[in-house]
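Structure assessment
Below are the chains, spelled out letter by letter.
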Amino acid sequence: MNGISVPASRTTKAVLWWVAFYTRFAPEDTAQTRRDELLSDIYEQHALAARQGLPPSAVDRTIVSRAVRGLAADLNWVTNQHHRKARTMTKTSEASPHAPIMISLSSLIWSLAAITAVIGLATSITEMIDYGGQRFGLVPWPGASNINTTLCILVGSAILLIASATKGVMKLHSRMSR
Amino acid sequence: MSRRKDGVLLPLEVRILELAEQWEAKPEPMYGFSLAAALSEDGGKTLTAHGTLYKALSRMTEAGYLTTEWEDPALAETERRPRRRLYRISADGRAAFSKARTEATSALLPRPVLRPVQP
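The shown structure was predicted, so the numbers you read here are calculated from the model rather than taken from an experiment.

Points about the overall build of chain A
What chain A contains, in helices and strands, is 6 helices and 0 strands. For chain A, the N- to C-terminal ordering of α and β elements is α-α-α-α-α-α. Relative to its full complement of 178 residues, chain A shows a buried share of 17%. Counted over contacts in chain A with a minimum sequence separation of 6, partners at least 24 positions apart contribute 67%.

Things to note about the interface of chain B and chain A
Taken together, the contacts link 19 residues of chain B with 26 residues of chain A. Counting only elements with at least two residues in the side of chain B that touches chain A, the list comes to helix 2 (32–40) and helix 3 (50–62) of chain B. It is helix 3 of chain B that provides the largest number of residues to the side of chain B that touches chain A, a total of 6 residues. Tallied by class, the residues present in the side of chain B that touches chain A amount to 6 nonpolar, 6 polar and 7 charged.

A few points about unusual backbone geometry
Although it is not a glycine, Arg80 of chain B adopts a positive phi angle of roughly 55 degrees. Of note, Arg80 of chain B is situated in the loop between helix 4 (73–78) and strand 3 (85–89).

Looking at the packing of helix 2 of chain B against helix 3 of chain B
Residues and elements named next belong to chain B. For the pair helix 2 and helix 3, interaxial distance at closest approach is 11 Å and the crossing angle is 115 degrees. Classified by the angle their axes make, helix 2 and helix 3 are roughly perpendicular. Our pair here, helix 2 against helix 3, has a crossing hand that is right-handed. Contacts between helix 2 and helix 3 pair Gly32, Leu35 and Ala36 from the former with Leu53, Tyr54 and Leu57 from the latter.

Looking at the confidence of the model for chain A
All names here are of chain A. The share of residues in chain A with pLDDT of 70 or more is 70%, and the mean pLDDT across the chain is 76. Note on residues 98–103: pLDDT under 50 across the span, and 6 contacts to partners over four residues away in sequence or across chains. Considering only residues more than four positions removed or in separate chains, one finds that residues 137–143, a stretch of pLDDT under 50, has 4 contacts.

A look at the nonpolar core
A general tendency of soluble globular proteins is for nonpolar side chains to be buried together. Core analysis: the biggest nonpolar cluster contains 22 residues, and Leu17, Ala20, Leu53, Leu57 and Leu66 of chain B have the highest contact counts within it. Those elements giving two or more residues to this core turn out to be helix 1 (11–23), strand 1 (30–31), helix 2, helix 3, strand 3 and helix 5 (91–108) of chain B. It is helix 3 of chain B that contributes the most residues to this core, 5 residues altogether. Filtering out sequence-adjacent residues up to four positions away, Ala20 of chain B remains in contact with Met30, Leu66, Tyr87, Arg88, Ile89 and Gly93 of chain B. Val19, Leu39, Val59 and Ala67 of chain A belong to the second-largest nonpolar core, a separate cluster that totals 9 residues.

So, the pairing of strand 3 of chain B
Residue and element names in this part refer to chain B. Where burial is concerned, the two faces of strand 3 differ: the one with Arg85, Tyr87 and Ile89 is buried and the one with Leu86 and Arg88 is not. Relative to strand 3, strand 1 is paired through 2 bridges, and the arrangement is antiparallel. Its bridge partner lying in strand 3, Met30 is registered against Tyr87. Examined bridge by bridge, strand 2 (residues 66–70) and strand 3 share 5 bridges and lie antiparallel to one another. The partner of Leu66 across the bridge, within strand 3, is Ile89.

As for the environment of Leu39 of chain B
All names here are of chain B. Positionally, Leu39 belongs in helix 2. Sequence spacing of Leu39 and Ile16 is 23 residues, and the spatial spacing of their C-alpha atoms is 7.9 Å. Beyond its immediate sequence surroundings of up to four residues, Leu39 is in contact with Arg15 and Thr48.

Regarding the environment of Ala63 of chain B
Residue position: Ala63 of chain B is located in the loop between helix 3 and strand 2. Sequence-wise, Ala63 of chain B and Gly93 of chain B are 30 residues apart; in three dimensions their C-alpha atoms are separated by 8.8 Å.

What to know about the sheet that holds strand 3 of chain B
Working definition: the strands of a sheet are paired by backbone hydrogen bonds and lie parallel or antiparallel to each other. With antiparallel pairing, the 3 strands of this open sheet are ordered in space as 1-3-2 (chain B). Of all the strands in the sheet, just strand 1 and strand 2 of chain B have a single pairing partner and so form its edges.

Analysis parameters
Residues numbered from 1 in each chain as written. Chains lettered and ligands numbered in written order. Predicted model: local features only at pLDDT ≥ 70, side-chain atom pairs only at ≥ 80, totals over all residues. Helix = DSSP H or I, 4+ residues; strand = E, 2+ residues; numbered from the N terminus. Buried ≥ 20, exposed ≤ 12 C-beta atoms within 10 Å, placed from the backbone. Contact = placed C-beta atoms within 7 Å. Nonpolar A, V, L, I, M, F, W, Y, C, P; charged D, E, K, R; others polar. Axes fitted to C-alpha atoms, helices over the stretch in contact; angles between N-to-C directions. Parallel < 35°, antiparallel > 145°, perpendicular 65-115°, else oblique. Left-handed = near helix turned anticlockwise from the far one by under 90°. pLDDT = per-residue confidence, 0-100. Core = buried A, V, L, I, M, F, W, Y, C linked by C-beta atoms within 7 Å. Pairing = 2+ DSSP bridges.

Structural data, given as structure tokens:
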């Protein structure tokens, strides 16, 4: 931003990283507004603290406190923005009978689903490789996993991962075609 | 999370409207951090959380209670700082604040108690 930067403490960087992260899931114009506004806020807080002669560590603590206390509101804001965008897209797709089917889940939820799917896949595959043939079926040792449960986790995670990956590719494609 | 009805204001939003109305008399416009600082003066509270403050401002702007614009980039450039997003109370905001204040006042008034007529 015009060569102007806020004091680059680790805390400030972490808070700005968080802002950059969650705003990725909001429409671009709204997201940029939020990022610029937060940058200005943090800059002003540092400037005020410098005028008052407060130590940088005290400012950092306050900034972290403000960021942490606002986490729930940040996520709620992103969800609301996404729902608003989805409603707008639904209206558009209703107007056009040949519009593609829209996956209206929040991108944030898709990301979480992808992480869950990867964990599920890793767990179930490890389970099969490490204990395959011994823990399942014929060998009834205590705490052994049920082969059916592991297979369900494997198939469910695979489906979830395919859906998440498809969503990701669709989003990337739509960004590139804009 | 339950959804709020349109037009229902939270105490924070009422306070923001009150401050925005008072700000009209000041030479310097209202922006995010100045508002957070003003809110923290209410009983020595800590600065309002980023998410809470900007979510409230976003909702109030979308509801039409506040108008917003980015300040002149040249001014920010001169002062070597990021641009501020300025807020002003709108006519709808004044009406909403007036309504909220009336409701708060009437809620404090003692309610008349109906007593049975003595024969």
